[in-house]
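# Remarks on the overall topology
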Amino acid sequence: MLALHIQNETSRLRAVVLGSAIHNGPTPSAQEAYDPKSLEHILAGTYPIEADMIQEMEAFHKVFEKYDVKVYRPETIDNYNQIFTRDIGFVIDDIFIKANILPDRERELHAIQYIIDQINPKKLVRPPEEVHIEGGDVMLWNDYIFIGTYKGSDYKEYITARTNLQGVAYIKALFPGKKVKEFDLVKSKIEARDNALHLDCCFQPVGTDKGIIYKSGFREEADYMFLVNLFGKENLFHLTREEMYDMNSNVFSIAPNVVVSEKNFTRLNAWLREHRFTVEEIPYAEIAKQEGLLRCSTLPLIRD
C-alpha cells in the first residue's frame, strides 16, 4: 500500500507521479485549445513538438533521480497529451482526491489506475459531478489549504475556470480541521497574459516562509493582501506580467531548500539563490507554451 502524506508544497519529496509527453499526438486545432496560451502558439505555428517535450520531461526525471525520489509515470495513451498530471488528482494529508476534470480528460485518470490501486480504498474520494476542482488550484500550507477559484457569474462560459465554489465547499467539508482560504482569480479566454488558469499560475510557496506571487492574478486586492500579510512582503518575490506569462510561479520544490526551476527564469533563480535555495535549472520552455510548467506536470504522493 502507498502511505500517502502531503501537508505542504515544500517538504522533502519521496514519491511523485510525473506526466509523460510520449505519443503526445499532433498539434491540436485552434478549436481544441483548452487555454489562450496554447491557442496563441497553435495560431503562430510555434506549438511544441513531441521530441522537445520528451527531452524536457526527461531532464525533470533526472533531477528526481538525483534526489532519490520514487517516480511513477502514467501508462501511455496514444495520440494524447498526458503531461499535466496535477489536474487529474491531488493528495491532502493521506487522502487522494480524484478531480472532476474536463470530460475529454477522464482517460488520464485511467492511465494512473495502477497507482490508485496501491492506495487504501478508504483514502480515495471522488467529488460529486457538480463539484469542479483541479490540483493546480489546490495548495497546501500546513494548517491552510489555499484554493484558486473564479467567482464570476459567467463561470460556465470560461473553459479557463477550473474550480468552482462548490469545489471550495467540498474541501472545507472534507477537512474541517484545516483553514480553507479561496482566492478569486483573473480569467481570460483570449489573452494568456491576463489569465491565471490555476492558483499556481500566480502564486506558490517556496521554502518554509517564502513565496512567488503575481499581484494582478487576483481579482480582489484583499486576496493578494491576505498572502502578503501571511508571508510578509519581504518574503515574496513579485512577478512582472511577462514573468507570470512565462509561468515563473510554476516551479516545483523537492525539499524546503531545493527548487526545480526553468533555466530562463534568470531574475527568479537569482533571488532564490540569494535566499540560499539550491536551484536545479532545467529546460522547460516548450512545455510552458501549453500554459503549464513544472508544478503542473507533477502529482506529489509522499512528502516527509
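Described below are features of the structure shown in this document. These numbers come from a predicted model, not from an experiment.

Criteria and cut-off values
- Residues numbered from 1 in each chain as written.
- Predicted model: local features only at pLDDT ≥ 70, side-chain atom pairs only at ≥ 80, totals over all residues.
- Heavy atoms only, no water.
- Buried < 20%, exposed > 50% of the residue type's maximum accessible area, 1.4 Å probe, protein only.
- Helix = DSSP H or I, 4+ residues; strand = E, 2+ residues; numbered from the N terminus.
- Arc of directions from axis to C-beta.
- Contact = heavy atoms within 4.5 Å.
- Core = buried A, V, L, I, M, F, W, Y, C linked by side-chain atoms within 4.5 Å.
- Salt bridge = Lys/Arg side-chain N within 4 Å of Asp/Glu carboxyl O.
- Pairing = 2+ DSSP bridges.
- Axes fitted to C-alpha atoms, helices over the stretch in contact; angles between N-to-C directions.
- 1 Å grid on protein atoms, 1.4 Å probe; cavity = no way out; pocket = protein on both sides within 12 Å on 5 of 7 lines; lining within 4 Å.
- Points joined across faces, edges and corners; volume = space filled by probe spheres on them.
- Nonpolar A, V, L, I, M, F, W, Y, C, P; charged D, E, K, R; others polar.
- Disulfide = S-S within 2.5 Å.

### Details of helix 5 (residues 165–174)
Listed as buried for helix 5 are G167, V168, Y170 and I171. Looking down the long axis of helix 5, one finds its buried residues gathered within 160° of arc, a one-sided arrangement. Those residues of helix 5 hidden inside the fold are in contact with strand 3 (89–92), strand 4 (95–98), strand 5 (124–125), strand 7 (144–149) and strand 8 (179–184).

### Examining the nonpolar core
Grouped together as the largest cluster of nonpolar side chains are 61 residues, with contacts concentrated most on F60, F64, F146, L199, F203, F218 and I254. Per-element accounting of this core gives the leading share, 6 residues, to helix 2 (residues 50–66). Look past the residues within four positions of F64 in its chain and what remains in contact with it is L13, V16, L18, V69, V71, F252, I254 and T298. Listed in part, the 35 residues of the second largest apolar core include L2, I6, F96 and I119.

### Overview of the pattern of salt bridges
Throughout the structure, instances matching the rule amount to 19 salt bridges. Put simply, D87 and R105 hold a salt bridge, and the shortest N to O gap is 2.7 Å. Taken as a pair, D87 in the loop between strand 2 (70–72) and strand 3 and R105 in the loop between strand 4 and helix 3 (106–110) lie far apart in primary sequence, 18 residues in all. Note that E182 is salt-bridged to K151, the shortest N-O span being 3.2 Å. Linking E182 in strand 8 with K151 in the loop between strand 7 and helix 5, this pair joins segments that are 31 residues apart in sequence. The structure contains a network of salt bridges with shared partners spanning E9, D200 and R295.

### With respect to the sheet that holds strand 7
Backbone-to-backbone hydrogen bonds join strands into a sheet, with any given pair of strands oriented parallel or antiparallel. The sheet built from 3 strands is open, its strands ordered 6-7-8 with mixed pairing. Unpaired on one side and paired on the other, strand 6 (138–141) and strand 8 mark the two borders of the sheet. The mean inter-strand angle of the sheet, taken between neighbouring strand axes irrespective of direction, is 20°. Direction of pairing for strand 7 relative to strand 8: parallel, over a ladder of 6 bridges. Bridged to I147 within strand 8 is E182. Running at roughly 135° to strand 8, helix 6 (residues 221–231) makes contact with strand 6, strand 7 and strand 8 of the sheet.

### Notes on empty space enclosed by the protein
Over the atoms rolls a probe the size of a water molecule, and in doing so it shows where empty space is left. Taken as a whole and judged by the stated rule, the model has 2 cavities of 30 Å³ or more. Space inside the largest cavity adds up to approximately 110 Å³. Residue lining of the largest cavity: 14 residues in total, with I6, E9, R86, V91 and R295 positioned closest to the centre. Breaking the lining of the largest cavity down by element, the ones donating at least two residues are strand 3, strand 6 and strand 15 (298–303). Of the residues assigned to the lining of the largest cavity, the class counts are 7 nonpolar, 3 polar and 4 charged.

### Observations regarding the state of the cysteines
Applying the stated criterion across every chain yields a total of 0 disulfides. Here C201 is not cross-linked by a disulfide; its sulfur's nearest cysteine counterpart is in C296, at 5.5 Å. The buried category is assigned to C201, whose relative accessible area is 2%. The exposure class of C296 is buried, given its relative accessible area of 3%.

### Concerning the sheet that holds strand 15
The mixed open sheet is built from 3 strands, whose spatial order is 2-1-15. Because the sheet does not close on itself, it has two edges, and the strands there are strand 2 and strand 15. In this sheet, adjacent strand axes meet at a mean angle of 20° when their direction is disregarded. Where strand 1 (residues 13–18) meets strand 15, 5 bridges bridge the pair, whose relative direction is antiparallel. Within the sheet, the bridge partner assigned to L18 lies in strand 15 and is T298.

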